Amino acid sequence: MPGRPPENRQEAMRKLVWIGIWLAFLGAPVSDLLKEEHTAWATALGWLALAAFVGVYLALVFRHTARPLARATVSSMVAFLFCLAVVTSLTLDSPWLVLFVYVSVGCGAALPLELARWAIPGVTVVMALTGLTTRGQWGDFLPGLAIPALLGGFAMTGVRHLVRTTVQLREARATVAQLAANEERLRLARDLHDLLGHSLSLITLKSELAGRMLPDRPEQAARQVADIEQVSRQALVDVRAAVSGYRRATLAGELAGARTALTAAGVAADLPAAAELPPGAPPDAEEALAWVVREATTNVVRHSAARKCLITLTERQTLDGRFVELRIEDDGRGGPSAPAPGNGLTGLAERLAKVGGGIETSCGKGFTLVARVPLAQERGSAAPAERDAR
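Attention now goes to the overall build of the protein chain. Counting its secondary structure elements, the protein chain contains 13 helices and five strands. Burial status across the protein chain gives 39% buried among its 390 residues. Summarising the internal contacts of the protein chain: among those between residues at least 6 apart in sequence, 71% fall at separations of at least 24. For the protein chain, the accessible area works out to roughly 22200 Å², and carbon and sulfur atoms hold 61% of it.

Ranked by internal contacts, the top residues of the largest apolar core, which has 42 residues, are Leu26, Tyr57 and Cys107. Listed by contribution, the elements that provide at least two residues to this core are α3 (40-64), α4 (71-92), α5 (99-110), α6 (113-131) and α8 (143-213). Apart from the residues lying within four places of it in its own chain, the contact partners of Cys107 are Val78, Ala116, Ala119, Ile120, Val123 and Arg160. Among the nonpolar cores identified, the runner-up in size contains 33 residues, and Val292, Val324, Ala371 and Val373 belong to it.

A grouping of Ile21, Trp22 and Phe25 is seen on the molecular surface, where their side chains present a nonpolar patch of about 360 Å² in accessible area. With respect to the element layout, Trp22 can be found in the loop between α1 (9-20) and α2 (27-34). Accessibility expressed as a relative area gives 44% for Trp22, which makes it partly exposed.

One open sheet holds the five strands; their spatial order is β1-β2-β3-β5-β4, and the pairing between them is mixed. Of all strands in the sheet, those with a lone pairing partner are β1 (268-270) and β4 (358-363), marking the two edges. The mean inter-strand angle of the sheet, taken between neighbouring strand axes irrespective of direction, is 15°. With ten bridges connecting them, strand β2 (residues 308-318) and strand β3 (residues 321-330) associate as antiparallel partners. Across the sheet, residue Cys309 finds its bridge partner in β3, namely Asp330. Taken strand by strand, helix α11 (residues 285-304) contacts β2, β3 and β5 (367-374), and its axis lies near 20° from that of β3.

In the structure shown here, the tally under the stated rule is eight salt bridges. Two residues, Glu325 and Arg316, come together in a salt bridge whose shortest N-O distance is 2.9 Å. Judged by its relative accessible area of 2%, Glu325 falls in the buried class. Measuring nitrogen to oxygen at the nearest pair gives 3.2 Å for the salt bridge that ties Arg372 to Glu360. Of the two residues, Arg372 sits in strand β5 while Glu360 sits in strand β4, which places them twelve residues apart along the sequence. On the basis of relative accessible area, Arg372 is assigned to the partly exposed category, the value being 26%. Taking the relative accessible area as the measure of exposure, Glu360 reaches 44% and is therefore partly exposed.

It is worth spelling out the packing of aromatic side chains at this point. Think of a pair of aromatic rings as described by two things: how far the centres are apart, and how the planes are tilted against each other in angle. Under the definition given, this model contains three aromatic pairs. Ring geometry for Phe53 and Tyr102: centres 6.4 Å apart, planes at 85°, overall edge-to-face. Separated by 49 residues along the polypeptide, Phe53 in helix α3 and Tyr102 in helix α5 bring together distant segments of the chain. Classification of Phe53 as buried rests on a relative accessible area of 1%.

A turn of α-helix holds 3.6 residues, and therefore any two residues three or four places apart point the same way. When the terminal C-alpha atoms of α6 are compared, their 27 Å separation across 19 residues agrees well with the 27 Å that a helix rising 1.5 Å per residue should span. Those residues of α6 that sit buried are Leu113, Ala116, Ala119, Ile120, Val123, Thr124, Met127, Thr130 and Gly131.

Running from N to C, helix α10 (residues 251-264) and α11 point in directions that differ by 10°, and their axes come no closer than 8 Å. Taken together, the axes of α10 and α11 are roughly parallel relative to one another. Contact residues: α10 offers Leu251, Ala252, Glu254, Leu255, Ala258, Ala261 and Leu262, while α11 offers Glu286, Leu289, Ala290, Val293, Arg294, Thr297, Val300 and Val301. Taken together, the residues of the contact of α10 with α11 break down into eleven nonpolar, one polar and three charged.

Looking along a regular strand, one sees the side chains alternate between the two faces of the sheet. Where burial is concerned, most of β5 is hidden: six out of the eight residues are buried. Here eight bridges tie β3 to β5, and the two strands are oriented antiparallel to one another. By the bridge assignment, Leu326 is partnered in β5 with Ala371.

As a further point, take the environment of Gly257. Position of Gly257 relative to the elements: it lies in helix α10. Looking at Gly257, the relative accessible area reads 23%, which means it is partly exposed. C-alpha separation for the pair Gly257 and Ser199, spaced 58 residues apart in sequence, amounts to 9.9 Å.

Here the focus is the environment of Glu229. Inspection of the secondary structure assignment puts Glu229 in helix α9 (residues 218-244). The exposure class of Glu229 is partly exposed, given its relative accessible area of 40%. Sequence spacing of Glu229 and Ile203 is 26 residues, and the spatial spacing of their C-alpha atoms is 8.6 Å.

Turning to the confidence of the model for the protein chain, a few remarks are in order. Looking at the protein chain, the pLDDT average stands at 79 and 84% of residues meet or exceed 70. Least confident of the elements in the protein chain is helix α13 (residues 384-389), whose mean pLDDT is 40; most confident is β5, at 91. Counting contacts from residues 335-340, a segment whose pLDDT is below 50, to residues more than four positions away or on other chains yields six contacts. Predicted confidence is poor over residues 379-390, with pLDDT under 50, and the contacts of this stretch with residues over four places away or in other chains come to three contacts.

What counts as what
Residues numbered from 1 in each chain as written. Predicted model: local features only at pLDDT ≥ 70, side-chain atom pairs only at ≥ 80, totals over all residues. Heavy atoms only, no water. Helix = DSSP H or I, 4+ residues; strand = E, 2+ residues; numbered from the N terminus. Buried < 20%, exposed > 50% of the residue type's maximum accessible area, 1.4 Å probe, protein only. Contact = heavy atoms within 4.5 Å. Areas by Shrake-Rupley, 256 points an atom, 1.4 Å probe, with all protein chains shown as cover. Core = buried A, V, L, I, M, F, W, Y, C linked by side-chain atoms within 4.5 Å. Patch = residues over 30% accessible without salt bridge, like charges linked within 9 Å, V, L, I, M, F, W, Y side chains within 5 Å. Salt bridge = Lys/Arg side-chain N within 4 Å of Asp/Glu carboxyl O. Pairing = 2+ DSSP bridges. Axes fitted to C-alpha atoms, helices over the stretch in contact; angles between N-to-C directions. Phe/Tyr/Trp six-rings, centres within 6.5 Å; stacked < 30°, edge-to-face > 60°. Expected span 1.5 Å × (residues − 1). Parallel < 35°, antiparallel > 145°, perpendicular 65-115°, else oblique. Nonpolar A, V, L, I, M, F, W, Y, C, P; charged D, E, K, R; others polar. pLDDT = per-residue confidence, 0-100.

The following block contains the structure:
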């Protein structure tokens, strides 16, 4: 993968072959040394300089493109290659000017992009000036090197930019996957809290009732136990559906469940007869309000010690537009003794926010929870200001 260091020897050899194949253009210096036109000392030093140049070049390109080296180390290696190219070209003649092409490529591969933009043309200019002092036919040889030096250097900067973009895209994809996993875990935790909180509260309540009825009223206790079995089975079905991601709560179903739970707890329930939302409600508004009914009913049964609970579902017209309002009131503990907002209310606020709604709570003689969801404007009901503008 681009921008990733080799993980085994096979990947390292593949990368080394890909980088080393471009060393075939060093045929000119090798051919110059094989002609034996230089003295023995010059030939020996030429081979030594060529080996050192190739070694440093491979170390720079191979190592830096996998794990970036320190800036001082990169600058030292590029400077060494540049000096070696200048010295060999001045002492061993024009065939060695090809080393400047590799210096240009090294600049594009290792130097910072801002510096490489100036270093690559600078190396090409120095190569041209050095070629003026050689004894070969530099006038024919130099144009064949200037263009590769410029193209090779800037092409390497493009490759570096592509590698950097690929790494950033890979990191962004991993981040998106992590965020999606976190969102799914949050959804599952929220659904399980709402499902199990309601069902377990009802099971606990009916178990207490069955325990009190057992000595004197075994038939009624048996009915409570049967209800416990039914609730537990339904909770198991709901949990499986929530884990599978296919569960969708309905307002009518949750109102029916709320009536059962409140009645079992000895709370007088006043619920709306109809559970249909007005026209213009968002697609997911019913599910969000259904979860509000479930969570609020659970809180009434578990925390409020209320005697009455009123649930209303109305449509309201305000200055901000049309809203459907779900209000749940009880006459239980209010004021300072009311429960602080916890995971349940936080989850409800998140659900309502997804459909553009919001939630409000207040404490007085009891506890009041109000959930509002905006409704779409009907055709032909534009605001007066808009009609005047037309």
